[in-house]
Amino acid sequence: MQHLRFWPAAIMTDDTVRLENLPDVNDINVLLEAIGGIGAKVERVDRHTAVINGSTIGDISVDYEYIKKIRASYYLLGALLGKYKKAEVPLPGGCNIGSRPIDQHLKGFRALGATVDIKYGAIVASAPNGLHGTHIFMDTVSVGATINIMMAASMAKGNTIIENAAKEPEIIDVVNLLTKMGAKIRGAGTDTITIEGVEHLKGCTHEIIPDRIEAGTFLIMAAAAGERVIIQNIIPQHLESLISKLKEMGVKMENV
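Residues numbered from 1 in each chain as written. Predicted model: local features only at pLDDT ≥ 70, side-chain atom pairs only at ≥ 80, totals over all residues. Heavy atoms only, no water.

We now examine the pattern of salt bridges. Considering all chains together, one arrives at 7 salt bridges under this definition. Its salt-bridge partner being Arg212, residue Glu170 comes within 2.8 Å of it at the nearest N-O pair. Placement of Glu170 in helix H6 (residues 169–180) and of Arg212 in helix H7 (residues 212–225) is noted, with a sequence separation of 42 residues between them. Glu170 sits in the buried class, given a relative accessible area of 1%. Here Glu254 ties to Arg228 by a salt bridge, and the two come within 4.0 Å at their closest N and O atoms. Of this pair, Glu254 sits in the segment after helix H8 (240–248) while Arg228 sits in the loop between H7 and H8, and the two are 26 residues apart along the sequence. (Salt bridge = Lys/Arg side-chain N within 4 Å of Asp/Glu carboxyl O. Helix = DSSP H or I, 4+ residues; strand = E, 2+ residues; numbered from the N terminus. Buried < 20%, exposed > 50% of the residue type's maximum accessible area, 1.4 Å probe, protein only.)

Okay, structure coming up:
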């Protein structure tokens, strides 16, 4: 679920962040509950809109009962570490679809000056002397690690350069959200991202991009059904490789 990558950034400010174009699915609800569980004010305005205010957060330890249900728990690490310089988050839960290590996340946090340990099934990170900008070369391209490191580095002292960074549309959209909040980030969509740390972030309203994985799934389902189907609220440019392959297979598609 691509949308889960955006939520943790919203708690990095004491102001209110309004997120729009959200799916009404259980994973979103679980992460909302987890954020509320550490003290943030959370309001689900309607099925596709939520308002979050992190000014009342009083706990940097996320409850395992929420996180065991979803893998996106680790995004809270970068957000909490960036804002509070400490975080304790259970190891990722959710679906078991093969090896998806988090070593690049931890490597990035350590490079920024945090001490990171795994204790009793949780990732415990702290930076009592603050986070400091640095140069990080990712051993493998990772969307999750790139986002997590960007969030933490957004409130570090000095400049951080991430090389071999992920370039997916979700990276660009998270950067758009963080930029609206006052972060200073350049290079999103390239393999080199530069972050100039700031002391504070502010509130904003942000409409999240459509989930390209879900959109692609519906495209494939429509092709298999062999019927005319209209799929709304997608960005075709984010699905160019899939659309190209489906056309090669003889599937007729057009923008309407």
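So much for the structure itself; the text now carries on.
On to the nonpolar core. Trp7, Ile11, Leu19, Leu80, Met150 and Leu178 are the most contacted members of the largest nonpolar core, which has 68 residues in total. The element best represented in this core is helix H5 (residues 143–154), accounting for 8 residues. With residues up to four places along the chain from it excluded, the contact list for Trp7 reads Leu19, Leu22, Ile28, Leu31, Leu32, Ile35, Ala50 and Ile52. (Core = buried A, V, L, I, M, F, W, Y, C linked by side-chain atoms within 4.5 Å. Contact = heavy atoms within 4.5 Å.)

Two packed helices can be described by the angle between their axes and the distance between those axes. Closest axis-to-axis distance for the helix H4 (residues 103–111)/H5 pair is 8 Å, and the angle between their directions is 20°. The orientation of H4 relative to H5 falls into the category roughly parallel. Classified by chirality, the crossing of H5 by H4 is right-handed. Here H4 contributes Gln104, His105, Gly108 and Phe109 to the contact with H5, which in turn contributes Gly144, Ala145, Asn148, Ile149 and Ala152. Class assignment for the residues of the contact of H4 with H5 results in 4 nonpolar, 5 polar and no charged. (Axes fitted to C-alpha atoms, helices over the stretch in contact; angles between N-to-C directions. Parallel < 35°, antiparallel > 145°, perpendicular 65-115°, else oblique. Left-handed = near helix turned anticlockwise from the far one by under 90°. Nonpolar A, V, L, I, M, F, W, Y, C, P; charged D, E, K, R; others polar.)

What follows deals with the sheet that holds strand S5 (residues 115–119). The strand order S4-S6-S5 describes an open sheet built from 3 strands, whose pairing is antiparallel. Each edge of the open sheet carries a strand with a single partner, namely strand S4 (86–90) and S5. In this sheet, adjacent strand axes meet at a mean angle of 15° when their direction is disregarded. With 5 bridges connecting them, S4 and strand S6 (residues 122–126) associate as antiparallel partners. Bridge pairing links Val89 to Ile123 in S6. Against the sheet, helix H3 (residues 75–84) makes contact with S4 and S6, and its axis sits at roughly 160° relative to S4, the strand it touches most. (Pairing = 2+ DSSP bridges.)

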